[in-house]
Amino acid sequence: MNLSTYQSMDPHLLVGLLNTALRNESEDLEDLIRTHDFNKETLIQKLKEAGYQYVTDLNQFRSRSEN
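So, here's what we can say about the structure. (Residues numbered from 1 in each chain as written. Predicted model: local features only at pLDDT ≥ 70, side-chain atom pairs only at ≥ 80, totals over all residues. Heavy atoms only, no water.)

Points about the nonpolar core
Piece 1. Ranked by internal contacts, the top residues of the largest apolar core, which has 17 residues, are Leu14, Leu18, Phe38, Leu47 and Phe61.
Piece 2. Of all the secondary structure elements, the ones that give two or more residues to this core are helix 1 (11–24), helix 2 (29–36), helix 3 (40–49) and strand 1 (52–55).
Piece 3. Element by element, the count of residues in this core is highest for helix 1, at five residues.
Piece 4. Leave out the neighbours within four places in its chain, and Phe61 touches Val15, Leu18, Asn19, Leu22, Leu29, Ile44, Leu47, Gln53 and Tyr54. (Core = buried A, V, L, I, M, F, W, Y, C linked by side-chain atoms within 4.5 Å. Buried < 20%, exposed > 50% of the residue type's maximum accessible area, 1.4 Å probe, protein only. Helix = DSSP H or I, 4+ residues; strand = E, 2+ residues; numbered from the N terminus. Contact = heavy atoms within 4.5 Å.)

Comments concerning the pairing of strand 1
Piece 1. Two strands pair when backbone bridges link them, and strand 1 and strand 2 (residues 60–63) are joined in this way by four bridges, in the antiparallel orientation. Note on strand 2: the bridge partner recorded for Tyr54 is Phe61.
Piece 2. Counted between consecutive antiparallel strands, the loop separating strand 1 from strand 2 contains four residues, among which Asn59 sits at a positive phi close to 55°. (Pairing = 2+ DSSP bridges.)

With respect to the pattern of salt bridges
Piece 1. Summed over the entire model, instances satisfying the criterion amount to two salt bridges.
Piece 2. For Asp31, the salt bridge goes to Arg34, with nearest N and O atoms at 3.7 Å. One end of the pair, Asp31, and the other, Arg34, are both in helix 2, three residues apart, so they sit about a helical turn from each other. (Salt bridge = Lys/Arg side-chain N within 4 Å of Asp/Glu carboxyl O.)

Let's talk about unusual backbone geometry
Piece 1. The residue Asp37 is not glycine, and still its phi comes out positive at about 55°.
Piece 2. One can find Asp37 in the loop between helix 2 and helix 3.
Piece 3. Asp37 sits in the exposed class, given a relative accessible area of 68%.
Piece 4. Of note in the backbone geometry, Asn59 takes a positive phi value of approximately 55° without being a glycine.

Some points on helix 2
Piece 1. Looking only at helix 2, the buried set comprises Leu29, Asp31, Leu32, Ile33 and His36.
Piece 2. For helix 2, the elements touching its buried residues are helix 1, helix 3, strand 1 and strand 2.
Piece 3. One side-chain oxygen at the N-terminal end of helix 2 lies 3.2 Å from the backbone nitrogen of Glu30; it belongs to Asp28.
Piece 4. Looking one or two residues beyond helix 2, the residue adopting positive phi is Asp37, at roughly 55°. (Polar contact = N/O pair within 3.5 Å; in protein donor to acceptor, adjacent residues only side chain to side chain.)

Here is the structure:
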């Protein structure tokens, strides 16, 4: 999965792609960031602004209203 353009992606589309990658390709968020060479702070901030946060126990990004 090519996520190299994550900074310009719609965050609601991005969260689905990231959760798929987390489920299928990565052990956790740190592994995903290393694998795809993301800037962690940029990624987290982009999703936070769209209302998402990473939930460690679920290994996925979720809407803050779901937590």
